[in-house]
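One letter stands for each residue in the lines below.
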Number of protein chains: 2
Amino acid sequence: MMLRRLTILGSTGSIGVNALKVVGNLSNQFQVICLSANKNSDLLIRQAHKYHPEMVVIIDQTAARKVEQSLSGTGITVLRGTAGLTEAAGRSDVDLMLNAVVGSAGMVPTIAALKAGTDIALSNKESLVMAGAIIKRLRLESGSRIFPVDSEHSAIWQCLAGEDMADVKRLILTGSGGPFRTRVKSTFPEITVTEALNHPNWKMGHKITIDSATMMNKGLEVIEAYWLFELDETQIDIVIHPQSIIHSLVEFKDGSVKAQLGLPDMKIPIQYALTYPRHSSSQWEKLDLVQLGQLTFEAPDFDKFPCLGLAFAVLQQGGSAPAVLNVANEQAVYRFLKREIRFTAIPHLIEEAVEQHQLIDQPDIDDICELEKWTTNFVVNWKG
Amino acid sequence: MMLRRLTILGSTGSIGVNALKVVGNLSNQFQVICLSANKNSDLLIRQAHKYHPEMVVIIDQTAARKVEQSLSGTGITVLRGTAGLTEAAGRSDVDLMLNAVVGSAGMVPTIAALKAGTDIALSNKESLVMAGAIIKRLRLESGSRIFPVDSEHSAIWQCLAGEDMADVKRLILTGSGGPFRTRVKSTFPEITVTEALNHPNWKMGHKITIDSATMMNKGLEVIEAYWLFELDETQIDIVIHPQSIIHSLVEFKDGSVKAQLGLPDMKIPIQYALTYPRHSSSQWEKLDLVQLGQLTFEAPDFDKFPCLGLAFAVLQQGGSAPAVLNVANEQAVYRFLKREIRFTAIPHLIEEAVEQHQLIDQPDIDDICELEKWTTNFVVNWKG
């Protein structure tokens, strides 16, 4: 079998590290072409020595010097900054690019890969949230495919295998409900960063963990599902399922419902995106329903978690609104992590940014990049 | 769209009646060619007037006279007895035959339809239990397809859509556990017919309801799954799931698990077998996970329900053993329903019949019919 040429952007993050475990397990299937990191130079250097990519990219200019020194003489090309990232993503000699960049910085690499005709295993949901319509058009033009990596979208994708989209009644995204599912709403203003970073089921990076606590993660996933599966937003529902075992479901028009289940282990959806349409053997721990005993379900609480309603609202508004929601959320989360704003300020800030921005019906990439700057400024300068 | 020519054997039973509801709902897709009943002449006559088949079959000779009189002048041909059933099943001008005959009487019609090259929606699991190897060979020769109707097998079939069988690690058949899941084993000898007919979730015919109470139904389903999906018996597991919402699951080699869910309503799997590979719209009540609240899982109790172990044992023995198990079970159930033997005598009788019969490694249909007579005699004359 020919080795598939694989690029992993964001290789030092939680998804990237798990992806390299998957690749290590299936080393007869993949050749790693490029790895990238934001600023974790030590781990990137270790990964480079282990997987021998042709190229690494490091965003942070200070960290770049260390990477260049450590890899000098290895024959591995070192690129710097976002320009380097775009160059790596745009290579046309790669079969599959896993985009596990965190946040809106992932959008430009997604677009570069689509233009190069490369298939994308997409963990960076922000790409679709910000530029869904543009990505849809580029996919059609280039024939590139997007394979979801998010556990929910991987579940839906797996449930749709062999099915006709015309038979789908609705998608049901499950969510754990995050760490504050049962917390009383009146105490939300006092939520600390430590509390918000304590996710009950999934071990993830900081940004997505806070998004899970506000449930904006589920809101972003609704928008992601809208663009990935091309259904009406009224066909996307959310059900709270605290055990995170059923990763999502598809209801068909005859009342039959398909679900994909598994332990909350990102290696499963990552591997499926890399090996699609096959399910290659793995030695990770497996689901045992009897040991688990029970699965429970609740309605989502739109009152306690206003981010959910904001996500559906921007989807209805369309145009540039989802991009602004995404950037405002990202910047608000960073301010919360820096303890500059309260937990409950996050949805307020997002709502204000979306309301105050000048809506563009069909934004191009330049419009979105301009709005990204405007929104970042808006949030960074917000005094509350 | 051309109407698909459909025969329904066993149209007055629970599956048959539900199938005609499905057909009524999708009347622009099907033309009913033939209906059959065992002895419920009144319902068969009403169905014939409503659906205008070309032909009806009535097994019971006394009931036949009434059917013939009522349908005289309608142009509907009336056939009698098992010979008539075989003739109807063997028509080569039918696109799809739903075999919802109860018990071992369904085997010969299944074989007749396969020889005629007709696709079969198979509710009669006994066909596969008794003549799995023969049916497998006939399928390959004729190109006929078998579409499962049992909710569990329909679930597995749906989960396998678009998948490669080489990627399947195991099938997980769910079972409600029946009415005696929590009953103390020492009181099993006192189980009454009324208690055994009181299934918690599914409204079904008497034979299958008693099979659910002894859990032989799940045992027969293991054998059915073995022949339908052609996996090793060690790849078929059972999990008890009292709510009967997850109808079965497939675990893949990567740890991903797919499940099919729905309300316990046989119209869903019946319709899917009739409309495969599509999920046509229906107006039946739909699953609401939030309203349901929880799904629970337990290990099956092989000690309380010895029929389960017997089913796995005959599958390992192979040859004629499953056929004898099936006939012995059927006759024992009828004796229990007539209050001639105790509930706990059912597995004893089956075990004795399987042990005492002369095992044939590769039985042909004549061998199986002979064994059916032998086993029936054995059970009918058993004094306990």
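Here the residue numbers are simple positions, counted from 1 along each chain's written sequence. The lettering of chains begins at A and the numbering of ligands begins at 1, in the order of writing. Note on the predicted model: pLDDT of at least 70 is required for a residue's local features to be given, and 80 or more for side-chain atom pairs to be given and counted; whole-chain, interface and lining totals, by contrast, use all residues. Processing note: side-chain calculations cover all non-hydrogen atoms of the structure and skip hydrogens and water entirely.

A. Just the sheet that holds strand β5 (residues 96-99) of chain B, in detail. All names here are of chain B. In space, the seven strands of this open sheet follow the order β4-β3-β2-β1-β5-β6-β7, with parallel pairing throughout. The sheet is open, and its two borders are formed by β4 (77-80) and β7 (146-148), each paired with just one other strand. Within this sheet the neighbouring strands show an average axis-to-axis angle of 20°, counted without direction. Relative to β4, strand β3 (residues 55-58) runs parallel, the two sharing four bridges. Looking at the pairing, isoleucine 58 lines up with arginine 80 of β4. Only heavy atoms enter the contact rule, under which two residues are in contact if any of them lie within 4.5 Å. Helix axes are fitted to C-alpha atoms over the stretch in contact, other axes to C-alpha atoms as well, and angles between N-to-C directions run from 0 to 180 degrees. In this text, helices come from DSSP runs of H or I with a minimum length of four residues, and strands from runs of E with a minimum of two, each type numbered from the N-terminal end. Lying on the sheet, helix α11 (residues 267-275) is in contact with β1 (4-9), β2 (30-37), β5, β6 (119-122) and β7; it crosses β7 at an angle near 160°. For two strands to be treated as a pair, DSSP must find at least two bridges joining them.

B. Molecular detail of the pattern of salt bridges. All names here are of chain A. Salt bridges are defined as contacts in which a side-chain nitrogen from Lys or Arg sits within 4 Å of a carboxyl oxygen from Asp or Glu. Taken as a whole and assessed by the stated rule, the structure comprises 54 salt bridges over all chains. Salt-bridge contacts for glutamate 195 lead to arginine 183; the nearest nitrogen and oxygen are separated by 3.0 Å. Separated by 12 residues along the polypeptide, glutamate 195 in helix α8 (residues 193-196) and arginine 183 in the loop between β8 (168-175) and α8 bring together distant segments of the chain. Each member of the salt-bridge network shares a partner with another, and the members are Lys125, Asp150, Glu152, Lys218 and Glu221.

C. Broad picture of the domain arrangement of chain A. Residues and elements named next belong to chain A. For the domain bounds, the source is a domain assignment made automatically or taken from a database. Domain annotation of chain A identifies domain 1 (4-148), domain 2 (153-264 + 286-305) and domain 3 (318-384). At the junction of the two partners, domain 1 supplies 10 residues and domain 3 supplies 12 residues. What counts as buried area is the accessible surface, traced by a 1.4 Å probe, that two parts surrender upon association, with contributions from both included. Where domain 1 abuts domain 3, roughly 850 Å² becomes buried across the two surfaces, and 67% of that area is made up of carbon and sulfur atoms. On the domain 1 side of the interface with domain 3, the three residues burying the most area are Val129, Met130 and Ile134, jointly 54% of the side's total. Between the two partners, domain 1 and domain 3, sit zero salt bridges. In protein, a polar contact means a hydrogen-donor-capable atom and an acceptor-capable atom, both N or O and within 3.5 Å, with residues adjacent in sequence counting only if both atoms are side-chain atoms; elsewhere, any N or O pair within 3.5 Å suffices. At the junction of domain 1 with domain 3, the criterion picks out two residue pairs in polar contact (both at pLDDT 80 or more). Listing elements by their share of the side of domain 1 that touches domain 3, those giving two or more residues are α5 (107-115) and α6 (125-142). In terms of residue count, the dominant contributor to the side of domain 1 that touches domain 3 is α6 (five residues).

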